[in-house]
Amino acid sequence: MKKIISFALVCLACLCGHTVSAQNAPAATAGLNPMEKVVCAVDSNYCIVRNDEGRRNVFTVRHRATLQLAFDTKFEKYLNTFVLDGKPFIAAASWNPAFGYLWNAWVRVDDVWKPLLKGFCTDLVILQEEGKPARLQCKDQDGNAQTFTLAEL
């Protein structure tokens with residue numbers, strides 16, 4: 001009798017555990033493959049999607065409603081600052097074995113993402129001081145440091 005009751009409790013626990021975990025899991029976004037997941041929002045229209053299919057978990061920026069790519073670049077790192085002088089912004093880096101992480105930045109003007117930098121940077125920092133426009137400080141592949149404001153770019 002003890003074995004039957006124990007068995008019934010184990011079966012009940014398995015059924016209830018599966019039901020609870022299914023209820024707590026976020027709904028899958030239609031259009032993403034099973035190895036992709038929305039990580040965070042960039043703004044009200046775009047989000048960052050992580051793809052776990054490869055050895056490196058690459059990210060892309062996609063439109064939230066259509067899941068279309070915002071721009072054709074895949075990246076492994078990004079800065080958590082998504083607004084620069086009131087405009088949607090993303091700075092992202094891809095791995096290059098010769099130089100390490102190479103950074104680039106994009107800003108959304110109307111519905112188009114435009115690259116901010118003419119080339120890649122090995123280091124990128126956003127400088128925000130009160131009363132001054134935000135600045136991007138970057139080092140190119142030769143080690144030359146440059147500082148830009150969004151208006152200059």
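Draft legend 1. The arrangement of the nonpolar core in detail. The biggest cluster of nonpolar side chains holds 16 residues, and the ones touching the most others in it are L84, F89, L116, L124 and L136. Elements supplying a minimum of two residues to this core: β6 (87-96), β7 (100-109), β9 (123-127) and β10 (135-139). Filtering out sequence-adjacent residues up to four positions away, L84 remains in contact with F89, I126, Q128, A134, L136 and L150. With 12 residues, the next largest nonpolar core counts Y46, F71, F82 and I90 among its residues.

Draft legend 2. Local environment of the sheet that holds β9. The strand order across the open sheet built from three strands is β9-β10-β11, with neighbouring strands paired in antiparallel fashion. Strands at the two margins of the open sheet, each flanked by one partner only, are β9 and β11 (145-149). Between one strand axis and the next, the sheet turns through 20 degrees on average, direction left out of account. Pairing between β10 and β11: five bridges, direction antiparallel.

Draft legend 3. Quick look at the packing of aromatic side chains. Going through the model one piece at a time under the given rule, you end up with eight aromatic pairs. With centroids separated by 6.0 Å and ring planes inclined at 25 degrees, the aromatic side chains of F59 and F75 adopt a geometry described as stacked. Here F75 lies in the loop between β3 (58-63) and β4 (77-78) and F59 lies in strand β3, a separation of 16 residues in the sequence. Each member of the pair, F59 as well as F75, is classed as buried.

Draft legend 4. View of the sheet that holds strand β1 (residues 36-41). Pairing in this open sheet of three strands is antiparallel, and the strands run β1-β2-β3 from one edge to the other. At either end of the open sheet lies a strand with only one pairing partner, and these are β1 and β3. Neighbour-to-neighbour, the strand axes of this sheet turn through a mean angle of 35 degrees, independent of strand direction. Summarising the sheet, strand β2 (residues 46-51) and β3 pair through six bridges and their orientation is antiparallel. Counted as the bridge partner of C47 is R62 from β3.

Procedures and definitions
Residues numbered from 1 in each chain as written. Predicted model: local features only at pLDDT ≥ 70, side-chain atom pairs only at ≥ 80, totals over all residues. Heavy atoms only, no water. Core = buried A, V, L, I, M, F, W, Y, C linked by side-chain atoms within 4.5 Å. Buried < 20%, exposed > 50% of the residue type's maximum accessible area, 1.4 Å probe, protein only. Helix = DSSP H or I, 4+ residues; strand = E, 2+ residues; numbered from the N terminus. Contact = heavy atoms within 4.5 Å. Pairing = 2+ DSSP bridges. Axes fitted to C-alpha atoms, helices over the stretch in contact; angles between N-to-C directions. Phe/Tyr/Trp six-rings, centres within 6.5 Å; stacked < 30°, edge-to-face > 60°.

Honestly, that's just the spatial picture; any functional story needs more than this.
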